[in-house]
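# Structural description and commentary
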Amino acid sequence: MNHRYVHRRHAPRRGAVAAAALSFAMWNSVCASPAFAQDDAGGTEAGRHFRRGVDLYGEADYAGALVEFKRAYALSPSSAALYNVGEAQFQMQDYAGALKTFRRFLAEFGPGEGHRAEVERSIDVLRTRVGHVAVTTVPAGADLSVDDQPVGKTPLGESVLVSVGRRKVVASMPGRATITRYIEVAAGDELEVTLPFAAPTEGATAPATSGGAPSSASLPAPPSPPWNMARARTVGWIATGTLAAGAGVFGVLAVLEDRDLKNARSQYPVTNATLTHDSNLTLTYSVLADSLTAAAIIVGGLSLYWTLGSTGSASPARGSAPTTSLALGPAAVRLDVTF
């Protein structure tokens, strides 16, 4: 099985495979190992991930290549896979990650390993592209992440190796507001960052008294009543206007129908059915007009009461909110008001 060492490149994506100047190396010793034997399922799967990573790297998809190389190394560790992990991280400008990977390469594989000299040169370059950040929190015990990658719980015991540039530091602790801080790291920096947490979020903890019972000061405030006097006034005046308009409409209809009834009575011949129909309509419209007028007066009075009586006073309690219901019928109107 052949293994490729991918090399860093700066060629454009077009013709990437031809312009990448990939170096090929035959690893007979690795191929002969059980991990890469043809009849070994793990080695076969690792080889597929490795070759896919080489293809993605040649297409400049370094993030995808990094995932494939990491999977290949997890299934069957090899110097080729680990080297390519570091190269992909280097291309993604994850200088801190690449430096850690190349240091691991030197620690895990012997002096005779291929590309060791190149790894050492890369480490010399990467040392000029990283800094260290020592993060402490007050109080300690917070979960810490740098650039959305967890790094542990404070106190860490050692500084965090980070790439140069603008870095995002986040500290979180149950019951307290999360702290997010952005810092700028230059090459060789040894920064110290202290993140003080604010007081515990109100209601997150209930301090106990000497007798073990929760303090009354820590109890949450009772919920505000849903009744809103301003909304009641608004709805009341809108209802008053609507009822008054309805009363006016039915009053006009009643007048018109009464005129038609008088005209029908003065005509000859006229049927009783026509007179009865016109008379019933006149009565219905008159009753509706009178009922809506009465309802408008009542609701208008309530609205005026809410407007004048609520000035400078608190909203009424839940049980004191008045309710109004209006039922319309063919010849009657019923208005129910409950206090």
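In what follows, the structure referred to is the one given above.
For clarity, every value in this text was computed on a predicted model and none was experimentally measured. Position numbers for residues count from 1 along each chain, tracking the sequence in the order it is written. Totals for whole chains, interfaces and linings use all residues, but because this is a predicted model, local features are given only for residues with pLDDT of at least 70 and pairs of side-chain atoms are given and counted only at 80 or more. With hydrogens and water stripped out, all remaining heavy atoms of the structure feed into the side-chain values.

Time to look at the overall build of the protein. Helix numbering and strand numbering both begin at the N terminus, where a helix is a DSSP run of H or I of at least 4 residues and a strand a DSSP run of E of at least 2. When helices and strands are tallied, the protein shows nine helices and eleven strands. Summary of the burial criterion: residues with accessible area below 20% of their type's maximum are buried, those above 50% are exposed, and those between are partly exposed, where the area comes from a 1.4 Å probe applied to protein chains only. Here the protein holds 339 residues, and 35% of them are scored as buried. Contacts are assigned to residue pairs with any non-hydrogen atoms lying within 4.5 Å of each other. Pairs at least 24 residues apart make up 59% of the contacts formed inside the protein by residues separated by at least 6 positions. Summed over all atoms, the accessible surface of the protein reaches about 19800 Å², with 57% contributed by carbon and sulfur. To measure how exposed things are, a 1.4 Å probe is used in the Shrake-Rupley method; for residues, cover is taken only from the protein chains shown.

Glancing now at a nonpolar patch on the surface. Among the surface-exposed residues, V249, V252, L253 and L256 lie close enough to one another that they form a single nonpolar patch of about 300 Å² accessible area. Under the relative-accessibility criterion, L253 is labelled partly exposed at 30%. Patch rule: a residue counts if its relative accessible area is over 30% and it has no salt bridge; like charges are joined within 9 Å, and nonpolar side chains (Val, Leu, Ile, Met, Phe, Trp, Tyr) within 5 Å. By convention in these notes, a salt bridge is any Lys or Arg side-chain nitrogen within 4 Å of a carboxyl oxygen on Asp or Glu.

As a further point, take the packing of helix 6 (residues 95–108) against helix 7 (residues 116–126). One way to put it is that helix 6 packs onto helix 7 with a least axis distance of 10 Å and a crossing angle of 145 degrees. At the point where helix 6 passes helix 7, the crossing takes the left-handed sense. The residues of helix 7 that touch helix 6, namely those facing Y95, A98, L99, F102, R103, F105 and L106, are R116, V119, E120, S122, I123 and L126. Lines fitted to C-alpha atoms define the axes, with helix axes restricted to the stretch in contact, and inter-axis angles between N-to-C directions lie between 0 and 180 degrees. With the far helix as reference, a near helix turned anticlockwise by less than a right angle produces a left-handed crossing, and one turned clockwise produces a right-handed crossing.

This next bit is on the environment of G248. Structurally, the position occupied by G248 is in helix 8 (residues 229–266). Residue classification places G248 among the partly exposed positions, given a relative accessible area of 38%. Sequence separation between G248 and A289 is 41 residues; the distance between their C-alpha atoms is 6.7 Å.

For the rest of this paragraph, the subject is the packing of aromatic side chains. To pair, rings of Phe, Tyr and Trp, with the six-membered ring standing in for Trp, must have centres within 6.5 Å; the planes then decide the type, stacked if under 30 degrees apart, edge-to-face if over 60, and tilted in the middle. This structure, assessed with the given rule, holds seven aromatic pairs. Considering the side-chain rings of Y83 and F105, the 6.3 Å spacing of their centres and the 65 degrees angle between planes classify their relative orientation as edge-to-face. On the criterion of sequence distance, the pair formed by Y83 in helix 5 (residues 79–91) and F105 in helix 6 is long-range, its members being 22 residues apart. There is no split in this pair, since Y83 and F105 are both buried. Seen from their ring centres, F105 and F109 are 5.4 Å apart, and the 50 degrees between their planes marks the pair as tilted. For the pair formed by F105 and F109, the shared burial category is buried. Put simply, the rings of Y83, F102, F105 and F109 pair up and form one aromatic cluster.

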